[in-house]
Amino acid sequence: GIVLMLNASVGLSLAASVDFGWGIPVEMHDKTTSKKEKTYLAWPIQIGNSTGKKLIRQIDIVAVTNTRKQYTPVSNLSVRTQDRGELGPLSSLQGSIFPKVIRQTVVVFKEIDPKATIIDFYVGGLVEADPTSGGEGPDRKYLRITYKRSQSGWRLDGTSVLE
């Protein structure tokens, strides 16, 4: 399987929302499945519920590179880490997040363009949508987290909230 070590975490807390933290994306190579080596980009995230009520969330995460390619996470792929054991896929965090619980996972993207020098992760579903808007409209905010490629890997370049 894929082994990955995670230790960085940064956080963001929005009112009436889940607490969202993330680490630096890490490139991984997997030679176990076929003759051709597969490349993955693993992005560690953490979702916490500091409210007193159960939160129902559908978290969307998309990666977009400056080479104009868009990637969705690989579903049902678990990652084993040295310090935290096995982390389930993003789908394992969907749905109910109980009060005072912090869940950690790794969002994995396959075959990210090697020419890309900037990657934006767009994260939606962190802020509770207005029930009358059907999950669309002004309450549908996306958090954009931007990384730039450097010689030592990816480094955080900035964050912003998109309406």
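Residues numbered from 1 in each chain as written. Predicted model: local features only at pLDDT ≥ 70, side-chain atom pairs only at ≥ 80, totals over all residues. Heavy atoms only, no water.

A. Highlighting the overall build of the protein chain. Looking only at helices and strands, the protein chain has 0 helices and 15 strands in total. Look at the contacts in the protein chain between residues 6 or more apart in sequence, and 62% of them connect residues 24 or more apart. (Helix = DSSP H or I, 4+ residues; strand = E, 2+ residues; numbered from the N terminus. Contact = heavy atoms within 4.5 Å.)

B. Spotlight on the sheet that holds strand β15 (residues 153–162). The antiparallel open sheet is built from 5 strands, whose spatial order is β8-β7-β13-β14-β15. Looking at strand neighbours, the two that pair on one side only are β8 (70–71) and β15, the edges of this open sheet. In the sheet, strand β14 (residues 142–150) pairs with β15 via 9 bridges, with the strands oriented antiparallel. Its bridge partner being in β15, Tyr 142 is matched across the sheet by Leu 162. (Pairing = 2+ DSSP bridges.)

C. Examining the pairing of strand β13 (residues 118–124) more closely. Among the 7 residues in β13, 6 count as buried, and that is most of the element. Pairing between strand β7 (residues 60–65) and β13: 6 bridges, direction antiparallel. Counted as the bridge partner of Asp 60 is Gly 124 from β13. As defined by bridge partners, β13 adjoins β14 across 7 bridges and the pair is classed as antiparallel. Its bridge partner lying in β14, Tyr 122 is registered against Arg 144. (Buried < 20%, exposed > 50% of the residue type's maximum accessible area, 1.4 Å probe, protein only.)

D. How the structure looks around the nonpolar core. In this structure, Phe 20, Trp 43, Ile 45, Ile 61 and Phe 109 are the most contacted members of the largest nonpolar core, which totals 26 residues. Among the secondary structure elements, those contributing two or more residues to this core are β3 (19–22), β5 (38–48), β7, β12 (102–110), β13 and β14. Considering each element in turn, this core owes the most residues, 4 residues, to β5. Those residues in contact with Ile 61 that lie beyond four places of it in its chain are Trp 43, Ile 45, Pro 73, Leu 90, Val 107, Phe 109, Tyr 122 and Val 123. (Core = buried A, V, L, I, M, F, W, Y, C linked by side-chain atoms within 4.5 Å.)

E. Representation of the packing of aromatic side chains in the model. Tallied over the full model, the rule gives 5 aromatic pairs. With centroids separated by 4.1 Å and ring planes inclined at 5°, the aromatic side chains of Trp 43 and Phe 121 adopt a geometry described as stacked. Taken as a pair, Trp 43 in strand β5 and Phe 121 in strand β13 lie far apart in primary sequence, 78 residues in all. Across the pair, Phe 121 and Trp 43 agree in class, each one buried. Judged by centre distance (5.9 Å) and plane angle (75°), the ring pair of Phe 121 and Tyr 147 falls under edge-to-face. Pair noted here: Phe 121 is in strand β13 and Tyr 147 is in strand β14, with a separation of 26 residues, a long-range link. By relative accessible area, which is 0% here, Phe 121 ends up buried. (Phe/Tyr/Trp six-rings, centres within 6.5 Å; stacked < 30°, edge-to-face > 60°.)

F. The arrangement of unusual backbone geometry in detail. With a phi close to 65°, Arg 68 is a non-glycine residue in the positive phi region. Positive phi values are uncommon outside glycine, yet Glu 111 reaches one of about 50°. Mapped onto the elements, Glu 111 comes out in the loop between β12 and β13.

G. Representation of the side chain of Asp 120. Here Asp 120 shows up in strand β13. No salt bridge is formed by the buried Asp 120, whose closest oppositely charged neighbour, Arg 144, lies at an N-O distance of 4.3 Å. A distance of 2.4 Å separates the side chain of Asp 120 from the side chain of Thr 146, its partner in a polar contact. Among all residues touching Asp 120, those that are not within four sequence positions of it are Val 62, Ala 63, Val 64, Arg 144, Ile 145 and Thr 146. (Lys, Arg positive; Asp, Glu negative; His and termini not counted. Salt bridge = Lys/Arg side-chain N within 4 Å of Asp/Glu carboxyl O. Polar contact = N/O pair within 3.5 Å; in protein donor to acceptor, adjacent residues only side chain to side chain.)

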